[in-house]
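Read off the chains here:
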Amino acid sequence: MSKVNIALVQMSCVADKQANLKKATEKIKEAAAKGAQIVCLQELFTSLYFCDVEDYENFKLAEAIPGTSTDILGKLAAELKVVIIASLFEKRTEGLYHNTTAVIDADGKYLGKYRKMHIPDDPAFYEKFYFTPGDLGYKVFETAYAKIGVLICWDQWYPEAARITSLMGAQVLFYPTAIGWATAQDEATNKEQYEAWQTIQRSHAVANGVHVVSVNRVGFEQNDAMKFWGGSFVSNPFGKLLFLASHDKEETAVVEIDLDKTDSYRTHWPFLRDRRIDSYEPITKRFIDE
């Protein structure tokens, strides 16, 4: 299949987990009604972004994957014949947790999961308190409509993550995300941060010759101390924006992408073909020796 309709669900969240899940299901239905074939939800969409504090009570938000949420979304995927990319807080076993994205195929089948590899620890983003770094490696998923790669939020800043996932055969890179501005911050800093965030991901599209889809949340959280900046987007393999969402509105957008163009972009600008893996050898050898 050459042309695929990708949906981005950019939404705000509340403290009630079931309310968030219900909202997400309604927005998936809305996307399907618009012709979506692959629907990507934002990072940790079933809750507020709880990593602003180190609180043991928040571990109660975690769930098994596959489990209750993937069962609900699996039935919905089969009903609507859409692929669903769902970012969830995973309880792997007692005392071991991950920031994980599940992928459900258009027939409702659970295809597997990716566990976030890069874990931030910044003010109001204390993820290392909650999440163990992923142990599954980078992942691609052969869905009904495309072979997709899934990375998560902080992975966005690392070129190796995008490169390796692309080399594994991903035709599209998806980044469920939760990132925002401190409301006490000045507008110039806000603009600079957002542009850096968007630029690095568009750069991954160019360097690897793939479409990139980034889906962020919106709304004020953390007692209005944090404004999640939305700005979800789709980039083609030359870094051109095919869609750009607002910074403050919930949006369910469907964007058509042409996967056949990947071969053309990679043939004419062969950044993937001309890679020099051997250039990493002195560095990797040094770390091994040390």
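As the structure is a prediction and not an experimental result, all values here were calculated from the model. (Residues numbered from 1 in each chain as written. Predicted model: local features only at pLDDT ≥ 70, side-chain atom pairs only at ≥ 80, totals over all residues. Heavy atoms only, no water.)

**Looking at the sheet that holds strand 5 (residues 110–115)**
Item 1. With mixed pairing, six strands are arranged side by side in an open sheet as 5-4-3-2-1-17. Both edges of this open sheet fall to strand 5 and strand 17 (251–258), since each of them pairs with a single strand only. Across the sheet, the axes of successive neighbouring strands diverge by a mean angle of 30 degrees, strand direction being ignored.
Item 2. Taken together, the four bridges between strand 1 (residues 3–10) and strand 2 (residues 38–41) define a ladder with parallel strand orientation. Bridged to Ala-7 within strand 2 is Val-39. (Pairing = 2+ DSSP bridges. Helix = DSSP H or I, 4+ residues; strand = E, 2+ residues; numbered from the N terminus. Axes fitted to C-alpha atoms, helices over the stretch in contact; angles between N-to-C directions.)

**Examining the sheet that holds strand 11 (residues 180–182)**
Think of a sheet as strands paired side by side through backbone hydrogen bonds, with each pair either parallel or antiparallel.
Item 1. Strand order across the open sheet formed by three strands is 11-14-13, with antiparallel pairing between neighbours. Both outer strands of the open sheet, strand 11 and strand 13 (218–221), are each paired with one neighbouring strand and no more. Ignoring which end each strand starts from, the neighbouring axes of this sheet average 20 degrees apart.
Item 2. Bridge count between strand 11 and strand 14 (residues 226–229): three bridges; the pairing is antiparallel.

**As for the pattern of salt bridges**
Item 1. Taken as a whole and judged by the stated rule, the model has 16 salt bridges.
Item 2. Residues Glu-57 and Lys-60 are paired through a salt bridge, measuring 2.8 Å at the closest nitrogen-oxygen approach.
Item 3. Among the residues examined, Glu-57 registers a relative accessible area of 47% and is labelled partly exposed.
Item 4. We classify Lys-60 as exposed; its relative accessible area is 63%.
Item 5. The partner of Asp-135 in a salt bridge is Arg-92, and the shortest N-O contact between them spans 2.8 Å. Of this pair, Asp-135 sits in the loop between strand 7 (125–126) and strand 8 (140–142) while Arg-92 is found in strand 3 (residues 83–93), placing the two residues 43 residues apart along the sequence.
Item 6. Given a relative accessible area of 42%, Asp-135 falls into the partly exposed group.
Item 7. For Arg-92, a relative accessible area of 39% puts it in the partly exposed group.
Item 8. Within the structure, one salt-bridge network assembled from shared partners comprises Glu-90, Arg-92, Lys-113, Arg-115 and Asp-135. (Salt bridge = Lys/Arg side-chain N within 4 Å of Asp/Glu carboxyl O. Buried < 20%, exposed > 50% of the residue type's maximum accessible area, 1.4 Å probe, protein only.)

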